Amino acid sequence: MGPLAGTQLLALISLTVGLDNGLLKTPPMGWMAWERFRCDIDCKDDPENCIREDLFRDMADRLAEDGWKELGYEYVIIDDCWMSRVRDEHGRLQPDPSRFPGGIAKLARYIHDRGLKLGIYADMGTHTCMGFPGTTLDKIDIDAQTFASWGVDYLKFDGCSSNPVEHMLGYPLMSKALNATGRPIAYSCSWPVYIGGLPPNVNYSLLGDICHLWRNYYDIQDSWDSVQGILEWFSKNQDDLQPAAGPGRWNDPDMLIIGNFGLSVDQARSQMALWAVLAAPLIMSNDLRNLDNGARAILQNKVAVAINQDPMGVQGRRLLQEKNRVEVYWRPLSRSASALVFLSRRTDMPFLYRSSLAKLKYNAGNYEAYDVFTGSTLTGLKATTEFTLSINPSGVVMWYVYPEQRSKETETLHHQRKKASPFTFHKAKPGHLTVL
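Predicted model, so just to flag it, every value in this text is computed and none were measured.

A. Main features of empty space enclosed by the protein. The full count for this structure, using the stated rule, is three cavities of 30 Å³ or more. Within this model, the largest cavity holds a volume of roughly 70 Å³. Lining the largest cavity are Met32, Tyr154, Lys156, Ser188, Leu213, Arg215, Asp252, Asp254, Met255, Pro281 and Ile283. Of all the secondary-structure elements, those providing two or more residues to the lining of the largest cavity are strand 4 (154-158) and strand 6 (213-215). Grouping the constituent residues of the lining of the largest cavity by class yields six nonpolar, one polar and four charged.

B. Layout of helix 9 (residues 224-236). In this model helix 9 runs 18 Å from its N-terminal to its C-terminal C-alpha over 13 residues, within 8% of the 18 Å that 1.5 Å per residue would give. For helix 9, the tally of buried residues reaches 10 of 13 residues, placing the bulk of the element in the interior. Taken residue by residue, helix 9 has Trp224, Ser226, Val227, Gln228, Ile230, Leu231, Glu232, Trp233, Phe234 and Ser235 as its buried positions. On the buried face of helix 9, the contacting elements are helix 10 (238-241), strand 7 (250-252), helix 11 (265-277), strand 9 (317-321), strand 10 (326-332) and strand 11 (338-344).

C. Fine view of the packing of aromatic side chains. Using the criterion set out here, one finds 20 aromatic pairs in the structure. Through a chain of ring-to-ring contacts, the aromatic side chains of Trp31, Phe37, Phe56 and Phe100 assemble into a single cluster. The ring of Phe132 has Arg85 sitting right over it, with the charged end atom 3.9 Å from the ring centre. Over the face of the ring belonging to Tyr110 we find Arg114, whose NZ or CZ atom lies 3.5 Å from the ring centre.

D. Up close: unusual backbone geometry. At the junction of Pro199 and Pro200, the peptide bond is cis and its omega measures out at 5° in the coordinates. Relative to the helices and strands, Pro200 resides in the loop between helix 7 (191-194) and helix 8 (204-207). Non-glycine residue Leu24 carries a positive phi angle of around 55°. Along the polypeptide, Leu24 turns up in the loop between helix 1 (3-14) and strand 1 (29-32). The class of Leu24 is buried, set by a relative accessible area of 9%. With a phi angle near 75°, Lys361 is a residue other than glycine that sits in the positive phi range. By the element assignment, Lys361 lies in the loop between strand 12 (351-355) and strand 13 (366-371).

E. Expanded view of the nonpolar core. By size, the foremost hydrophobic cluster in this structure holds 115 residues, and its most contacted members are Trp31, Phe56, Tyr73, Trp82, Leu155, Tyr187 and Met272. Looking at which element gives the most residues to this core, the answer is helix 11, with seven residues. By size, the runner-up hydrophobic cluster in this structure holds 20 residues, among which are Val328, Tyr353, Leu389 and Val401.

F. Here's a closer look at the sheet that holds strand 5 (residues 186-189). Reading across from one edge, 7-6-5-4-3-2-1-8 is the order of the eight strands in this open sheet, with parallel pairing throughout. Looking at the sheet topology across the chains shown, the edges are occupied by strand 7 and strand 8 (282-284). In this sheet, adjacent strand axes meet at a mean angle of 25° when their direction is disregarded. Pairing of strand 4 with strand 5, which is carried by four bridges, proceeds in the parallel orientation. Bridged to Phe157 within strand 5 is Cys189. On the sheet, helix 4 (residues 103-113) packs against strand 2 (75-77) and strand 3 (117-123) and is oriented at approximately 145° with respect to strand 3.

G. A look at the pattern of salt bridges. Throughout the structure, instances matching the rule amount to 27 salt bridges. Residue Arg318 pairs with Glu327 through a salt bridge whose shortest N-O separation is 3.4 Å. Judged by relative accessible area, Arg318 falls into the buried class, the value being 11%. Its relative accessible area of 5% is what places Glu327 among the buried residues. For the salt bridge of Arg345 with Glu327, the shortest nitrogen-to-oxygen distance reads 3.3 Å. With a gap of 18 residues between them, Arg345 in the loop between strand 11 and strand 12 and Glu327 in strand 10 connect regions that are remote in the sequence. Both residues of the pair, Arg345 and Glu327, belong to the buried class. Salt bridges here are not isolated pairs; linked through shared partners, they connect Glu48, Asp58, Asp287 and Arg289.

H. Broad picture of the state of the cysteines. Taken as a whole and judged by the stated rule, the model has four disulfides. Disulfide partner of Cys43: Cys50, at an S-S distance of 2.1 Å. Its S-S torsion of approximately 105° makes the covalent link between Cys43 and Cys50 right-handed. In this structure Cys43 comes out as partly exposed when scored by relative accessible area, which is 22%. Between the sulfur of Cys129 and that of Cys160 lies a disulfide, 2.0 Å long from S to S. Note on the Cys129 and Cys160 pair: the S-S dihedral is about 90°, so by sign convention the disulfide is right-handed. On the criterion of sequence distance, the pair formed by Cys129 in the loop between strand 3 and helix 5 (140-150) and Cys160 in the loop between strand 4 and helix 6 (164-180) is long-range, its members being 31 residues apart. A residue is classified by how much of its surface remains accessible, and Cys129, at 33% relative accessible area, is partly exposed.

I. Region of the structure containing the packing of helix 5 against helix 6. Direction vectors running N to C along helix 5 and helix 6 enclose 40°, while the axes themselves pass 9 Å from each other. In this view, helix 5 runs oblique relative to helix 6, as classed from their interaxial angle. Both helix 5 and helix 6 take part in a crossing whose hand is right-handed. Listed contacts from helix 6 to Ile140, Asp141, Ala144 and Gln145 of helix 5 are Gly170, Leu173, Met174, Ala177, Leu178 and Ala180. A class-by-class count of the residues in the contact of helix 5 with helix 6 yields seven nonpolar, two polar and one charged.

The rules behind the values
- Per chain, residues are indexed from 1 in the order of the written sequence.
- Totals for whole chains, interfaces and linings use every residue, but because this is a predicted model, local features are given only for residues with pLDDT of at least 70 and side-chain atom pairs only at 80 or more, for both listing and counting.
- Processing note: side-chain calculations cover all non-hydrogen atoms of the structure and skip hydrogens and water entirely.
- Within this scheme a cavity is a closed region of a 1 Å grid, computed over the protein atoms alone, that accommodates a 1.4 Å probe without allowing it to escape, whereas a pocket is open but has protein on both sides within 12 Å along at least five of seven lines; lining residues each have an atom within 4 Å of a point.
- Grid points are joined across faces, edges and corners, and a volume is the space filled by probe spheres set on the points.
- To qualify as a helix, a DSSP run of H or I must reach at least 4 residues; to qualify as a strand, a run of E must reach at least 2; elements of each kind are numbered from the N terminus.
- Following the grouping adopted for this structure description, the nonpolar residues are Ala, Val, Leu, Ile, Met, Phe, Trp, Tyr, Cys and Pro, the charged ones are Asp, Glu, Lys and Arg, and the polar ones are all others, Gly among them.
- One fewer than the residue count of a helix, multiplied by 1.5 Å, yields its expected span.
- Exposure categories follow from relative accessible area, calculated using a 1.4 Å probe and restricted to protein chains: below 20% of the type maximum is buried, above 50% is exposed, and the middle band is partly exposed.
- A contact between two residues is defined here by any heavy atoms of the two lying within 4.5 Å.
- Pairing of aromatic rings covers Phe, Tyr and Trp, the last counted by its six-membered ring, and requires centre-to-centre distances within 6.5 Å; plane angles under 30 degrees mean stacked, over 60 mean edge-to-face, and any other angle means tilted.
- Consider the ring centre and the ring normal. A charge sits over the ring if Lys NZ or Arg CZ is within 6 Å of that centre and within 35 degrees of that normal.
- Grouping buried Ala, Val, Leu, Ile, Met, Phe, Trp, Tyr and Cys residues that are joined through side-chain atoms within 4.5 Å yields what is termed a nonpolar core.
- Being paired, for any two strands, means DSSP has found at least two bridges between them.
- Every angle, taken between N-to-C directions, lies between 0 and 180 degrees, and every axis is a line fitted to C-alpha atoms, over only the stretch in contact when it is a helix.
- Criterion for a salt bridge: a side-chain nitrogen of Lys or Arg within 4 Å of a carboxyl oxygen of Asp or Glu.
- We call a pair of cysteine sulfur atoms a disulfide when they lie within 2.5 Å.
- For this classification, under 35 degrees means roughly parallel, over 145 means roughly antiparallel, 65 to 115 means roughly perpendicular, and everything else is oblique.
- Handedness of a crossing is defined here by the sense of rotation of the near helix relative to the far one, left-handed for an anticlockwise turn of less than a right angle and right-handed for a clockwise turn.

Written out as structure tokens, the structure reads:
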């Protein structure tokens, strides 16, 4: 089936679907098992790390007790390998009885009791990616009803062991089936990644009527190379991807791997900053039970989270790729503000980068810039003012930029806005425009 025929079929199906159930007006935040814990089902020799109900209870406890929930990290998401190898006598999916003896409904109650939400995994195909029972077309309705009856709040629907025609039918049908349950369930589709992630094979306008978020590209791995590869693909294709995102419909570059083994502190800050500017889901995959303070500080940075959760929901873009291997990313935000990320792709030493807001297409005026990771504020910044930043190798400088108010009346409004803001501002010396 050609792309045009597929688009026509999808358009026909989408007319009857419509997933505007009010969910995910900002990108989802939470925790997911896959990148850190994969398909470890050896609960005999590795009980602390295997996929079982204790792991998800532990992570729910950490989200609820360690300051995550208050920032918006609310989803606890089970990935592959939770299922029994066979469906029950009624054709329903069921959890592995030895690893989830209490069942998913009981686990959902545990998570809900802590003010959190439960996510679960299924696959549009004969088998999941790790060989557990899949959701074929004839099982979509019963699986949606089963998830709703358990109290599930989020479904990640993968696409292994299937084909493009089944995907084209199954992903919209699951959207319709989830709606029919009457339970608000966020819907994450892996569909685009299985068909190349780009138009004309992917019609993002129609996809946004079916799914709340979607995986565009390959799985993230625990390395800086993986983060860079994902970022480069998103940036090269931003003209196709960026317009597709908005409240209730998000591109998903995959999980945050901060706090694992593959990223330095600077690289961890880079992923957090770039995911915030890309309006990406902030879904961690790490061990919250053993997270060091540095990783926690990055993931719980209130300004980075607030930028990610900006209600305008406009995905950011790469503005510049300099010959010196510095890249600049920009995202427009509410209240005439914006976010800038200066990323060094260098591997040698800290680099002094010189620019001005005018060079970055800012209008004439007076601005202030809050440094997200140092907590200092740069004042007296005209659009034409040259500034110099020191950026560590594979690191970032991230700014929250906002217009400086001058008149007494607007200054009062500015003060009120700051007071209502989740940000705490620390004034730097006026005219200090070298940030080293």
